[in-house]
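Coordinate inspection notes
So you can see what is in the structure, the chains are spelled out below.
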Amino acid sequence: MNLQTSILKNLDIDYSYHLAKRMEQFRTNPVLGYRPAGSRAEFETGEMLKQEMEAIGLFDVRKDAIKVDGWEFKKAVLSYTAEDGSRHEIQLGAYQTTFVTEGPKEFSLMYLGKGTAADYEGKDVTGKLVLVDINQRDEWWINYPVYQAHLKGAAALIAVQEQGYGEINDEALNAQDIAGPDYAPAFSMSRADALVLKASMGEDKQVQVRLDASSTVLKDQETYNIIGTIPGTEEGMILLSAHYDSYFSGFQDDNAAVAMMLGIARAVLRSGYKPRKTLVFCAMAAEEWGVVNSKYDWSAGAYEQVFTARPDWAGKVIADLNFELPAHAHGRKDAVRCVYEYADFLEEFITGLPAGFFADQPYPEGVEVLSPIQTWSDDFSMAVGGIPSMVNDFSAGEFMETHYHSQYDNENFYQEPVYRFHHEMYAGLVLAFDRTAAVPMNFAGLFEGAAASIDGSVCRGADADLPGLHLVLKQGIQAGEALYSKIREINRIYGR
């Protein structure tokens, strides 16, 4: 039995599944879950993962301290009595803002449609809860109606996802990275609960409610990225990463990814394989938010890891294999999304997989390579920090509109064949990278991407030398191809 076959034989998908489930025990909200950035639940999960890394035999297991803004969401329960005398109690989701009632508190709640400036005309919402409908995918992000409510004097906003996210069920709640100030409070309500609540309102679209909430943002908190290694015999590092903070139970996003990463580590260790390059396994904190009042969400844990905790990784780590939502098929065709420079190497890897690898696999249309990377996950922060990265693509499937960031991201939608496929393919990819002597990057793709992005009208407006720019990029493409041809030959000889 060769070493690659031994690694595949030692992959234990049940181990990974049960580790993903074990991560759910740590939660800030006892009913809904949540393991957000900088929370006690995130810390406890990190401690458990550190112990797990040590238990499976990883070397130099450690905690890299980083600073992020933290969030503790303990509860948000809204109750009211309908006109028929029936009493209703609603569990609300929440966003990264501060709102603490110190027990149930009386509020008037007003429904204001989409929550636009026009919806507020002639309405006094001072000190009230405002209920609005929202479609964050096709209209605007949560921070816009939230801040509008704050400016109008509302106590807090409650958003109902009418479309765009949480479409799987009318009971679905939603959570997103708010990218707004912590002092403009926000919660989420399911469509089903909102429908009943709206029916209890009078002609003025108001109803009296009681809200018992504890949601607190804590700035400049210390959290940890958890790291273990398998030492290599030569220079260079290969990084595997996934994040361990989550919304709700986070089974797919991202428990299953962290567990798959450690499942691959466990299989390598059990096989006895001695890597040439040091394999680094990093469970990242604070991917789901981590910075108060930012315009964008930057996957703060990964950003801090590569810019403050381990800036020396840039130049040493030849590739980051990041994992997200790996136990559910997001279409009939799987994909790896990567930086331009690794597209050719990944195409060659996929084409070179053993005959029969795709037989009886969950992707009847195979696997494709997509470039460039996107801003949805930790690999983006890695790439901007100088570490070429990739991720199993997840953003195009309907799961993002149906289950993602809701309580329906759970084991009921677990697909074992998909999980097994990703274990096997990415374990093989780790070995493929490990067998390279020269970093297998083709810079021609980067120049091609730059050429495709040129806006001729902008160049002409700036009186730029457009023909000269095209010529330089063409030369870059040719040089990149020539260099990659030499790299391939070096690696062919080295990998024998």
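I will try to describe carefully the structure that is included in this document. (Residues numbered from 1 in each chain as written. Predicted model: local features only at pLDDT ≥ 70, side-chain atom pairs only at ≥ 80, totals over all residues. Heavy atoms only, no water.)

1. Here's the deal with the overall build of the chain
- Each helix and strand in the chain was counted, giving 14 helices and 15 strands.
- Taken over C-alpha atoms, the radius of gyration comes to 25 Å for the chain, in line with the 23 Å a tight globule of 496 residues would show.
- A total of 496 residues make up the chain; the buried ones form 58% of that total.
- Within the chain, counting contacts between residues at least 6 apart in sequence, those at least 24 apart form 82% of the total.
- Accessible surface computed for the chain: about 20,200 Å², of which carbon and sulfur atoms make up 50%.
- Looking at the chain, you have 43 positive and 71 negative side-chain charges, and the mean spots of the two groups are 4 Å apart. (Helix = DSSP H or I, 4+ residues; strand = E, 2+ residues; numbered from the N terminus. Rg over C-alpha atoms; globule rule 2.2 N^0.38 Å. Buried < 20%, exposed > 50% of the residue type's maximum accessible area, 1.4 Å probe, protein only. Contact = heavy atoms within 4.5 Å. Areas by Shrake-Rupley, 256 points an atom, 1.4 Å probe, with all protein chains shown as cover. Lys, Arg positive; Asp, Glu negative; His and termini not counted. Charge placed at Lys NZ, Arg CZ, Asp CG, Glu CD.)

2. Side note on the pattern of salt bridges
- Here the structure, examined in full by the defined rule, presents 22 salt bridges.
- For Asp-60, the salt bridge goes to Arg-62, with nearest N and O atoms at 2.9 Å.
- Among the residues examined, Arg-62 registers a relative accessible area of 18% and is labelled buried.
- For Arg-492, the salt bridge is made with Glu-489, and the minimal N-O distance between the two is 2.6 Å. (Salt bridge = Lys/Arg side-chain N within 4 Å of Asp/Glu carboxyl O.)

3. Let's talk about a nonpolar patch on the surface
- On the surface, a nonpolar cluster with roughly 310 Å² of combined accessible area is contributed by Phe-443, Leu-446, Phe-447 and Leu-483.
- One can find Phe-447 in helix α12 (residues 444-452).
- When its relative accessible area of 30% is taken as the criterion, Phe-447 is described as partly exposed. (Patch = residues over 30% accessible without salt bridge, like charges linked within 9 Å, V, L, I, M, F, W, Y side chains within 5 Å.)

4. Looking at helix α5 (residues 191-199)
- All of the buried residues along α5 are Arg-191, Ala-192, Ala-194 and Leu-197.
- Here the buried face of α5 lies against β1 (59-81), β5 (105-111), β6 (129-134), β7 (156-161), β8 (186-189) and β9 (206-230).

5. Focus on the side chain of His-423
- As for its position among the elements, His-423 is in helix α11 (residues 416-434).
- A distance of 2.8 Å separates polar atoms of two side chains, one belonging to His-423 and the other to Ser-16.
- Here Tyr-419 takes part through its backbone oxygen, which lies 2.8 Å from a polar atom of the side chain of His-423.
- Dropping the residues within four chain positions of it, His-423 is found in contact with Leu-11, Ile-13, Ser-16, Met-260 and Ile-264. (Polar contact = N/O pair within 3.5 Å; in protein donor to acceptor, adjacent residues only side chain to side chain.)

6. Observations regarding the nonpolar core
- In this structure, Leu-78 and Leu-321 are the most contacted members of the largest nonpolar core, which totals 119 residues.
- With twelve residues, helix α6 (residues 251-271) is the single largest residue contributor to this core.
- When residues no more than four places from it in sequence are discounted, the contact partners of Leu-321 are Ile-238, Leu-239, Leu-240, Ser-241, Met-390, Tyr-426, Leu-429, Val-430 and Phe-433.
- Ranked by size, the runner-up nonpolar core spans 17 residues in total, among them Met-110, Val-130, Ile-142 and Ile-178. (Core = buried A, V, L, I, M, F, W, Y, C linked by side-chain atoms within 4.5 Å.)

7. Things to note about the environment of Ala-432
- Topologically, Ala-432 is positioned in helix α11.
- Placed 87 residues apart in sequence, Ala-432 and Phe-345 show a C-alpha to C-alpha distance of 9.4 Å.
- Leaving out residues up to four positions away in the same chain, Ala-432 has contacts with Phe-345 and Phe-349.

8. Digging into the pairing of β1
- As paired elements, β1 and β9 share 17 bridges and run antiparallel to each other. When the sheet's bridge partners are listed, Arg-62 is paired in β9 with Ile-227.
- Here β1 folds back onto strand β2 (residues 87-91), and the loop between the two strands holds five residues, one of which, Gly-85, carries a positive phi near 90 degrees. (Pairing = 2+ DSSP bridges.)

9. Overview of the environment of Ala-427
- Tracing the backbone shows Ala-427 in helix α11.
- With a relative accessible area of 4%, Ala-427 lands in the buried category.
- Along the primary structure Ala-427 and Met-260 are separated by 167 residues, whereas in three dimensions their C-alpha atoms are 9.8 Å apart.
- Sequence-distant contacts of Ala-427, defined by excluding residues within four places in its chain, comprise Ile-7, Leu-11 and Ile-264.

10. Concerning the packing of aromatic side chains
- Summed over the entire model, instances satisfying the criterion amount to 21 aromatic pairs.
- Measuring from ring centre to ring centre gives 5.7 Å for Phe-99 and Phe-187, while their planes differ by 80 degrees; the resulting arrangement is edge-to-face. Taken together, the residues Phe-99 in strand β4 (residues 99-100) and Phe-187 in strand β8 connect sequence positions 88 residues apart.
- Residue Phe-99 is classed as buried on the basis of its relative accessible area of 12%. (Phe/Tyr/Trp six-rings, centres within 6.5 Å; stacked < 30°, edge-to-face > 60°.)

11. Side note on unusual backbone geometry
- Cis geometry is found at the peptide bond from Asp-253 to Asp-254, where omega equals 20 degrees.
- Looking at where Asp-254 falls in the secondary structure, it is placed in helix α6.
- Residue Pro-372 is bonded to the preceding Ser-371 through a cis peptide linkage, with omega at -5 degrees.
- Tracing the sequence through the fold places Pro-372 in the loop between β14 (367-370) and α9 (378-384).

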